[in-house]
Structures are given as structure tokens and as C-alpha cells.
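Structural characterization, general
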Amino acid sequence: MTLNIDWENLGFTYMNLPYRFIAHFKDGQWDNGGLTEDATLHLSESSPALHYGQQAFEGLKAYRTKSCEIQLFRPDQNAERLQRTARRLLMPEVPTELFINAAKAVVKANHQYVPPYESGGSLYLRPLLIGVGDVIGVQPAQEYIFTIFAMPVGNYFKGGLTPTNFIVSRDFDRAAPHGTGAAKVGGNYAASLLPGQKAHDAGYSDVIYLDPATHTKIEEVGSANFFGITKDNEFVTPLSPSILPSITKYSLLYLAEHRLGLKASEGDVYVDDLEKFSEAGACGTAAVISPIGGIQNGDNYHVFYSETEVGPITRQLYNELVGIQKGDVTAPEGWIYKVEIDE
Ligand SMILES: *Cc1c(COP(=O)(O)O)cnc(C)c1O
């Protein structure tokens, strides 16, 4: 079978692939789950996921290497994060083995949809954990669905890495102190839709959220973490309990220190102290790294390296991480999970 897909021009859009994985939790345990061709979820109208937001999601990618193998990047980290989110929302944890086997099964069943190495694209996997069943009172669900579906997505930066500009939000927070900021839940995204749209309308690519208690420190972008490179070449990224702990961010922290030989740390990043940074970026699975050209902070506009050019350290970090994900650069131990395909 040859697929009629324009690999070079994939965006980030839903595509109904032949197979997805689904497992059900009932009577206190998960069933084995399995692949299905049914792309529609069947659930009670009273499902707590729909009414009270008892749901969580993940995002990870499978990449095709130069030698045409397929590999997942750190799926164990996504499994663990989903478990932390589940504990915060009183949902049953999906065991790591179930999570990784499900991810591999979905990739294997849809392997023809993993974009070719040269295209720069990848297969994006979307795990979802939702509370379902006949419960209308405010209480955790008794039954849950865990599913992973997939779609091929394009390289975020078609013409190469390009910086974009962001705006600091003071009127809106994405999460509350001691709220669910560190949990990967749809509710945080619901809260960020309006500020995100206002930022887009004003010509910025997204919002920079500040710490919700004092509005003095940078937390993160709506769907990506923040990092900066100081003028003396230190990699710094904010530390806060209301930030979503990005796997990309922790990977970059490691690579900055162990591969680029930089000092790398998590700490406070005061929004009025951006002068000390010579480069900055937003990082997450979707874009890997979005270089930040400038940040509008009230009446101040701070430009980092340049509004049009990518800084040298940001570029090195990007090349190192993408090289590992695509199999061109040796990965730190345990970062890569091969998916065996019998083609
Ligand atoms: C998923 C997510 C990120 C990025 O995390 P990665 O693990 O790097 O993909 C950053 N911020 C928020 C709010 C997220 O939901």
C-alpha cells in the first residue's frame, strides 16, 4: 500500500489513522486493552471527564531514523508524568509497562504513517486518560478509559529555526498556586485559550505566564517551558510547583550540562531581569525548541539574541536533541526505545 500523504507539508492536524489502543478500568483494575479501528469513544453522558475535568493527557513522538528504524523518545517519562497527574486527580495510574506497550503497539500498527527521516516529520502520539461512567455528583469516577491515538505531524519549523515574539500576561494566569499547574490536564488549557487568543490577535506567538502568587517570575508558555541562556553562558530554566514539568526541558538541562559543557540550573527567572539573558527559548515535544526573539513585558520590549536570527547555543541544543531523537547522535542511556517492525 502506498499512502497519499504529502510528508513535506504536514502540519499539526488530526488524522484518523487505522489503529488506536484502548484499555478500560473497571471494578478496581485495568483490562489488557488492545488495538481498535474505532476512532470514536463511547462513554456515558454523565462521565466526570466531561463535567468536572477529571481527565489527563500526554504527548510524545516516534521518529524514523536514517536507516528506517522507528524509535520513541523517553516514553517512560511520559508514563511517569501521567501517573503523577493521575494521583493529583484521583485517577487510577496507568502502569508504565501498559503505557509503553500501548505506545509501541500503536506505532507498530500504524508504522506506514511514521514520516520518512528526510521529511523532518514524526508520528505524534496522544495518550488520554478520562474518568467515565454513570456518576453525576462531584466525586471521582469508578471507571476510566486509557487510549493512545496517533497522527503524522510535520517539522514545526519548515524553513529552519525561526525566532518569534511572546507577550507577558498579567491579567490571566494558567494555573493557581497549589492548583493543577504541574498536572497535564485539559483544565489548564481551557484557562489558557482566551489569553492565548488575545496574544495571537496582538501579533505574538503565545503568552508568557508569570508565577500566580506574585506575578514577578516567569513560569512558562501555555504549552511549553521557558529557558534562557545568560550572558555568561549558563542555561537557566524556572523552578516552580505550578509549572508543567516538560520532558524536553529536563532533556535540555541534561544536554546543556553534559554535552555542551554549560552550567545548567533551575531557579527563579524574574521577568524584570531579562537583561541578563542573551538567548531564550520555549521548549516542548511539539516544537522541540521555539527560539524567542523578544518578549513584551508591559511597556518594555526585550529582544534576546535577535528577532530574526537564532542564537548559537539555542541552535546547538536543538541540533543535539533532534539528533538524538532521530538517531543521528548517540543518546544518553535509556532515552531511546526502539519499536520493532516486521516490514
Ligand atoms: C506538555 C506541556 C509542556 C511540554 O512538555 P514536554 O514533555 O516537553 O512535551 C509544557 N507546558 C505545558 C503546560 C504542557 O502541557
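Residues numbered from 1 in each chain as written. Predicted model: local features only at pLDDT ≥ 70, side-chain atom pairs only at ≥ 80, totals over all residues. Heavy atoms only, no water.

Looking at an unreviewed UniProt entry, one finds the protein named Branched-chain-amino-acid aminotransferase, with Pseudolactococcus reticulitermitis as its source organism. UniProt's Cofactor (unreviewed entry) comment on the protein is quoted here verbatim: "pyridoxal 5'-phosphate". (UniProt positions renumbered as here; feature names shortened; annotations may be inferred.)

Neighbouring the ligand are 15 residues, the closest being Lys184, Tyr189, Ser246, Thr248 and Thr285. A distance of 2.4 Å separates an oxygen atom of the ligand from a polar atom in the side chain of Tyr189. Within the contact set of the ligand, an oxygen atom lies 2.9 Å away from a backbone nitrogen or oxygen of Ile247. Taken by itself the ligand offers 390 Å² of open surface, and the protein chains cover 97% of this. Judged by its atoms lying within 2 Å of the grid points, the ligand is housed in the largest pocket. Counting only elements with at least two residues in the shell around the ligand, the list comes to β12 (224-230) and α5 (247-258). Class assignment of the residues belonging to the shell around the ligand gives a composition of four nonpolar, seven polar and four charged. (Near = heavy atom within 4 Å. Polar contact = N/O pair within 3.5 Å; in protein donor to acceptor, adjacent residues only side chain to side chain. Areas by Shrake-Rupley, 256 points an atom, 1.4 Å probe, with all protein chains shown as cover. 1 Å grid on protein atoms, 1.4 Å probe; cavity = no way out; pocket = protein on both sides within 12 Å on 5 of 7 lines; lining within 4 Å. Sits in = over half its atoms within 2 Å of the grid points. Helix = DSSP H or I, 4+ residues; strand = E, 2+ residues; numbered from the N terminus. Nonpolar A, V, L, I, M, F, W, Y, C, P; charged D, E, K, R; others polar.)

This next bit is on the layout of surface pockets. Any space left empty among the atoms is revealed by the rolling of a water-sized probe across them. Taken as a whole, the largest pocket spans an internal volume of roughly 1,000 Å³. If you tally residues by element for the lining of the largest pocket, the top one is helix α4 (residues 186-201), at six residues. Of the residues contributing to the lining of the largest pocket, the split by class is 21 nonpolar, 16 polar and six charged. Split by domain, the lining of the largest pocket shows at least three residues from each of two domains, domain 1 (7-153) and domain 2 (164-325). (Points joined across faces, edges and corners; volume = space filled by probe spheres on them. Domains from an automatic or database assignment.)

Moving on, we get to the side chain of Asn78. Take Asn78: it is sitting in helix α2 (residues 75-88). At 2.9 Å, the side chain of Asn78 and the side chain of Glu58 are in polar contact. What Asn78 contacts, discounting residues up to four positions off in sequence, is Glu58, Gly59, Leu60, Phe73, Phe99 and Ile247. (Contact = heavy atoms within 4.5 Å.)

Sequence positions flagged by UniProt for "modified residue: N6-(pyridoxal phosphate)lysine" (unreviewed entry) are, in local numbering, Lys184. Along the chain, Lys184 turns up in the loop between β9 (164-169) and α4. Leaving out residues up to four positions away in the same chain, Lys184 has contacts with Ala56, Phe57, Glu58, Gly59, Arg81, Thr85, Tyr189 and Leu244.

We now examine empty space enclosed by the protein. Following the criterion strictly, the structure yields three cavities of 30 Å³ or more and no others. Its boundaries defined by the atoms lining it, the largest cavity holds a volume of some 80 Å³. Lining the largest cavity are Gly59, Leu60, Lys61, Tyr63, Phe73, Asn78, Ile247, Thr248, Thr285 and Gln325. Top element by residues in the lining of the largest cavity is strand β5 (residues 60-64). It accounts for three residues. For the lining of the largest cavity, the per-class residue count stands at four nonpolar, five polar and one charged. For the lining of the largest cavity, the two domains that each supply at least three residues are domain 1 (7-153) and domain 2 (164-325). What the second largest cavity holds in volume is close to 50 Å³. Residue assignment for the lining of the second largest cavity shows that the elements contributing at least two residues are β15 (277-284) and β16 (288-297).

By the bridge criterion, three bridges tie strand β10 (residues 206-210) to strand β11 (residues 218-221) in an arrangement that is antiparallel. Along β11, the bridge assignment pairs Ile208 with Val221. One ladder, built from two bridges, connects β11 with β12; its direction is antiparallel. Among the inter-strand pairings, Val221 is bridged to a residue of β12, identified as Ala224. Here β11 folds back onto β12, and the loop between the two strands holds two residues. (Pairing = 2+ DSSP bridges.)

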